[in-house]
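# Residue-level structure breakdown
Each chain is listed here by its residues.
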Amino acid sequence: MDIECNKEVLDLQKLSVVTRGNSEKLRQYLVQFRELIPARVALMRQYMESEDRRMIRQTVHQVSPQLHYFGIRGIAPLIERVEMEYPFMPMDELKRTVSVLIEKMEMAKQEVSRILDRCD
């Protein structure tokens, strides 16, 4: 699978290393990412609405490995901030940080969908 992606959004180099050039395995990871992200985004929004700091942090932590493997630009500091500062960060600031995280996740999902559409 020859993958060209928007380098402003994704860097799939780590994912390529993990899949060792196996295009079917790479495709499976892309499909899984595309399916996983909407559910995680919905959970984050739900927990922001209910202002559940612990569940916001837990959801971010759960999705963190996939986000790192997909090399989403600018996401590492956001994840780290949520994971480290969630107990004492003002709620408005936590929500803004998570909203930026969500925006980046959605952009990555769109880019992954674009890649999969070109390959099908």
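Shown above is the structure to which this text applies.
Here, residues in each chain are numbered from 1, in the same order as that chain's written sequence. For this predicted model, a pLDDT threshold of at least 70 governs which residues receive local features, and a threshold of 80 or more governs which side-chain atom pairs are given and counted, while totals over whole chains, interfaces and linings are taken from all residues. Just so you know, side-chain values use all the structure's heavy atoms and leave hydrogens and water out.

### Some words on helix 2 (residues 23–49)
- We count a stretch as a helix when DSSP gives it H or I for four or more residues in a row; a strand needs E for two or more, and each element gets its number in order from the N terminus. By this rule, a helix spans an expected 1.5 Å times one less than how many residues it contains. Between the first and last C-alpha of helix 2 there are 39 Å, a value that for 27 residues agrees with the 39 Å anticipated at 1.5 Å per step.
- What the bend at a residue measures is the angle between two axes, fitted to the seven residues ending there and to the seven starting there. At leucine 36, helix 2 shows its largest bend, some 25°, and a proline, proline 38, comes one to four positions later.
- When a residue's accessible area, from a 1.4 Å probe over protein chains only, is under 20% of the maximum for its type it is buried; when over 50% it is exposed; and in between it is partly exposed. Residues of helix 2 that are buried: Leu26, Leu30, Val31, Phe33, Leu36, Ile37, Val41, Met44, Tyr47 and Met48.
- Here, two residues are considered to be in contact whenever any of their heavy atoms come within 4.5 Å of each other. Of the surrounding elements, those touching the buried residues of helix 2 are helix 1 (13–19), helix 3 (53–69) and helix 5 (91–119).
- The residue sitting at the N-terminus of helix 2 and contributing the capping side-chain oxygen is asparagine 22; that oxygen lies 3.0 Å from the backbone nitrogen of glutamate 24.
- Looking one or two residues beyond helix 2, the residue adopting positive phi is glutamate 51, at roughly 55°. Distance and chemistry together define a polar contact, namely a pair of N or O atoms within 3.5 Å, with one atom able to donate a hydrogen and the other to accept it when in protein, and with adjacent residues in sequence counting only for side-chain atoms on both sides.

### Side note on the packing of aromatic side chains
- When the centres of two rings from Phe, Tyr and Trp lie within 6.5 Å, Trp using its six-membered ring, the rings pair. Their planes under 30 degrees apart give stacked, over 60 give edge-to-face, and anything left gives tilted. Summed over the entire model, instances satisfying the criterion amount to 1 aromatic pair.
- Measuring from centroid to centroid gives 4.1 Å for phenylalanine 33 and phenylalanine 70, while their planes differ by 25°, and the two rings are stacked. Taken together, the residues span a long stretch of sequence, with phenylalanine 33 in helix 2 and phenylalanine 70 in the loop between helix 3 and helix 4 (75–85) at a distance of 37 residues. Each member of the pair, phenylalanine 33 as well as phenylalanine 70, is classed as buried.

### Comments concerning the packing of helix 4 against helix 5
- Two elements in contact, helix 4 and helix 5, have axes whose closest approach is 10 Å; the angle formed by their N-to-C orientations is 145°. For helix 4 against helix 5, the interelement crossing comes out left-handed. Seen from helix 4, the contacting residues are Ile75, Leu78, Ile79, Arg81 and Val82; seen from helix 5, they are Glu93, Leu94, Thr97, Val98, Val100, Leu101, Lys104 and Met105.
- Under the convention adopted here, Pro, Cys and the residues Ala, Val, Leu, Ile, Met, Phe, Trp and Tyr are nonpolar, Asp, Glu, Lys and Arg are charged, and Gly plus all remaining residues are polar. A class-by-class count of the residues in the contact of helix 4 with helix 5 yields 9 nonpolar, 1 polar and 3 charged. Axis angles are defined between N-to-C directions and span 0 to 180 degrees, where every axis is a line fitted to C-alpha atoms and, for a helix, only to the segment in contact. Crossing handedness is defined as follows: a turn of the near helix away from the far one that is anticlockwise and smaller than a right angle gives a left-handed crossing, while the clockwise case is right-handed.

### So, the packing of helix 2 against helix 3
- Taken N-terminus to C-terminus, the directions of helix 2 and helix 3 make an angle of 160°; their axes are 9 Å apart at the nearest point. As the angle between them shows, helix 2 and helix 3 are arranged roughly antiparallel. Crossing of helix 2 over helix 3 shows left-handed handedness. Along the contact surface, helix 2 presents Phe33, Leu36, Ile37, Arg40, Leu43, Met44, Tyr47 and Met48, while helix 3 presents Met55, Ile56, Thr59, Val60, Gln62, Val63, Gln66 and Leu67.
- Residues of the contact of helix 2 with helix 3, tallied by class, amount to 12 nonpolar, 3 polar and 1 charged. Should an angle fall under 35 degrees it is called roughly parallel, over 145 degrees roughly antiparallel, and 65 to 115 degrees roughly perpendicular, with every other angle called oblique.

### Focus: the pattern of salt bridges
- Each salt bridge in this description consists of a side-chain nitrogen of Lys or Arg and a carboxyl oxygen of Asp or Glu lying within 4 Å of one another. Under the defined criterion, the tally for this structure stands at 5 salt bridges.
- A salt bridge links glutamate 51 to lysine 95; the shortest N-O distance between them is 3.0 Å. Here glutamate 51 is found in the loop between helix 2 and helix 3, whereas its partner lysine 95 is found in helix 5, with 44 residues between them in sequence.
- Note on glutamate 51: relative accessible area 43%, which makes it partly exposed.
- One salt-bridge network, held together by shared partners, links Arg81, Glu85 and Glu93.

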